[in-house]
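# Reading the structure
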Amino acid sequence: MWQYSPKQVANSMVMLFVGLTEMLLTLRVALRFFNGNPDATFVNWAYSQTQTLLEPFRAVFTSSDVVLRGWVVDYVALFAMAAYAVAGYWLVSYMRSMK
């Protein structure tokens, strides 16, 4: 029988949340970079699912995306990916250091 401590469960939940968040935001960055059609069902789903994850970071940059030679760079999503990764790493490290 497997028995996990509450700390292990909490660490796993944080890592699961950060992993799923990073995966969804990576999908959004790739779709935006290659000019995914927002009218397509899958692209629309990906954009709507990641919209909530980006809300805390909307005011960080004045322009949400930059178009360079037809390529769209979503700086807000890239910043959010870095912020969620750092926050997840910090939280897991903090929980591991607790007795």
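Below, the structure is looked at part by part. Fair warning: this is a prediction, and the values are worked out from it, not measured in the lab.

## Topic: the overall build of the protein chain
- Counting its secondary structure elements, the protein chain contains three helices and two strands.
- In the protein chain, the succession of helices and strands from N to C terminus is α-α-β-β-α.
- For the C-alpha atoms alone, the extent of the protein chain along its principal axes is close to 55 × 30 × 20 Å.
- Out of the 99 residues belonging to the protein chain, those deemed buried represent 29%.
- Restricting the contact set of the protein chain to residue pairs at least 6 apart, pairs at least 24 apart contribute 58%.
- As displayed, the protein chain offers around 7,100 Å² of accessible surface, 68% of which is attributable to carbon and sulfur atoms.
- Of note, the protein chain has its 7 positive side-chain charges centred 14 Å away from the centre of its 5 negative side-chain charges.

## Quick word on the nonpolar core
- Core analysis: the biggest nonpolar cluster contains ten residues, these being Leu25, Val29, Leu53, Leu54, Phe57, Val76, Ala77, Ala80, Met81 and Tyr84.
- Those elements that provide at least two residues to this core are helix H1 (6–33), helix H2 (41–54) and helix H3 (75–97).
- When sequence neighbours within four positions are dropped, the list of residues in contact with Val29 reads Ala77, Leu78 and Met81.

## Focus on the environment of Val9
- Here Val9 shows up in helix H1.
- As for Val9 and Ala77, which are separated by 68 residues in sequence, their C-alpha atoms are 28 Å apart.

## A short note on the side chain of Arg28
- Tracing the sequence through the fold places Arg28 in helix H1.
- Every residue in contact with Arg28, bar those within four places of it in the chain, is listed here: Tyr47, Thr50, Gln51, Leu54, Arg58, Asp74 and Ala77.

Analysis parameters
Residues numbered from 1 in each chain as written. Predicted model: local features only at pLDDT ≥ 70, side-chain atom pairs only at ≥ 80, totals over all residues. Heavy atoms only, no water. Helix = DSSP H or I, 4+ residues; strand = E, 2+ residues; numbered from the N terminus. Buried < 20%, exposed > 50% of the residue type's maximum accessible area, 1.4 Å probe, protein only. Contact = heavy atoms within 4.5 Å. Areas by Shrake-Rupley, 256 points an atom, 1.4 Å probe, with all protein chains shown as cover. Lys, Arg positive; Asp, Glu negative; His and termini not counted. Charge placed at Lys NZ, Arg CZ, Asp CG, Glu CD. Core = buried A, V, L, I, M, F, W, Y, C linked by side-chain atoms within 4.5 Å.

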